Amino acid sequence: MIDTRTAPYAALILRITLGIVFLAHAGLKVFVFTPAGAAQFFGSLGLPPALAYLTIAAETVGGIALILGFYTRWVSLALIPILLGAIAFVHGPAGFFFNNPNGGWEYLAFWIAALVAQALLGDGALAARAGSAKTAPTFSPRSA
């Protein structure tokens, strides 16, 4: 059974953690690889180089939105294609385990699962704006 007293704080912790990790990945592209270097890498994969800039923007805006709790459900779902792209074009060929040369897709799969869990959980505590006008009903032992 879900503890309705602590579940909003669990969603908050997950939401903030996901947001920080997305900001870290955007920061890696900006401060370590540089946006131009990221664009060149995307181009080397056969992707449009401009997609790197879009990815950096999505990771930055999405990370901030998650931390603030702004449309958490939608932002969580919207960030999943970035990770699927990273699996398909970069980490998938390296195999499953992330410690393989060139990193496998294990970490990205877990990250996707965490985003899906966040989308199902919702905003949690201290959110700036709820993701929908309606909230899920609260279930009690007597509701069955």
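Predicted model only: the values in this text are computed from it and were never measured. (Residues numbered from 1 in each chain as written. Predicted model: local features only at pLDDT ≥ 70, side-chain atom pairs only at ≥ 80, totals over all residues. Heavy atoms only, no water.)

Can you break down the environment of P93 residue by residue, with the values?
Within the secondary structure, P93 sits in the loop between α4 (72-91) and α5 (106-121). Along the sequence, P93 and G103 sit 10 residues apart, while their C-alpha atoms lie 9.1 Å from each other. (Helix = DSSP H or I, 4+ residues; strand = E, 2+ residues; numbered from the N terminus.)

Go over the nonpolar core, please, and point to the residues and values.
Judged by nonpolar contacts, the single largest core of 15 residues is most densely connected at L18, F22, L66, L79, L83, W111 and L115. When contributions to this core are tallied by element, the ones reaching two or more residues are α1 (7-32), α3 (50-68), α4 and α5. For W111, the residues in contact, after removing those within four places along its chain, are L18, V21, F22, H25 and L83. Within the second largest apolar cluster, 5 residues are counted, among which are A38, A39, F42 and A52. (Core = buried A, V, L, I, M, F, W, Y, C linked by side-chain atoms within 4.5 Å. Buried < 20%, exposed > 50% of the residue type's maximum accessible area, 1.4 Å probe, protein only. Contact = heavy atoms within 4.5 Å.)

Break down the side chain of E59 for me, citing the residues and quoting the values.
Of note, E59 is situated in helix α3. Setting aside chain neighbours within four positions, we find E59 in contact with F22, L23, H25, A26, K29 and I82.

Explain α1 residue by residue, including any values.
The first and last C-alpha atoms of α1 sit 37 Å apart over 26 residues, in line with the 38 Å expected at 1.5 Å per residue. Where α1 is concerned, the buried positions are A11, L12, R15, L18, G19, F22, A26, G27 and K29. Trailing α1 by a residue or two, T34 shows a phi angle of about 70°, which is positive. (Expected span 1.5 Å × (residues − 1).)

Before we move on, can you summarise the environment of G104 with the specific residues and values?
Mapped onto the elements of the fold, G104 is located in the loop between α4 and α5. Sequence spacing of G104 and P93 is 11 residues, and the spatial spacing of their C-alpha atoms is 7.4 Å. Not counting chain neighbours up to four residues away, the residues in contact with G104 comprise H91, A94, G95, F96, F97 and F98.

Can you tell me about the pattern of salt bridges, naming the residues and giving the values?
Counting across every chain of the model gives 2 salt bridges. Between D3 and R5 there is a salt bridge; the shortest N-O distance is 3.0 Å. Residue classification places R5 among the exposed residues on the basis of a relative accessible area of 63%. Salt-bridge contacts for E59 lead to K29; the nearest nitrogen and oxygen are separated by 3.1 Å. (Salt bridge = Lys/Arg side-chain N within 4 Å of Asp/Glu carboxyl O.)

How would you sum up the packing of aromatic side chains? Please name residues and give values.
Under the criterion given, the structure shown has 6 aromatic pairs. Between F96 and W105, the aromatic rings sit 4.9 Å apart at their centres with planes inclined by 85°, giving edge-to-face as the arrangement. On the basis of relative accessibility, which here comes to 37%, the residue F96 falls in the partly exposed class. Ring centres 5.5 Å apart and planes at 55° place the aromatic pair F98 and Y107 in the tilted group. On the basis of relative accessibility, which here comes to 30%, the residue Y107 falls in the partly exposed class. Grouping aromatic residues by their ring pairs yields a cluster made of F22, F98, Y107 and W111. (Phe/Tyr/Trp six-rings, centres within 6.5 Å; stacked < 30°, edge-to-face > 60°.)

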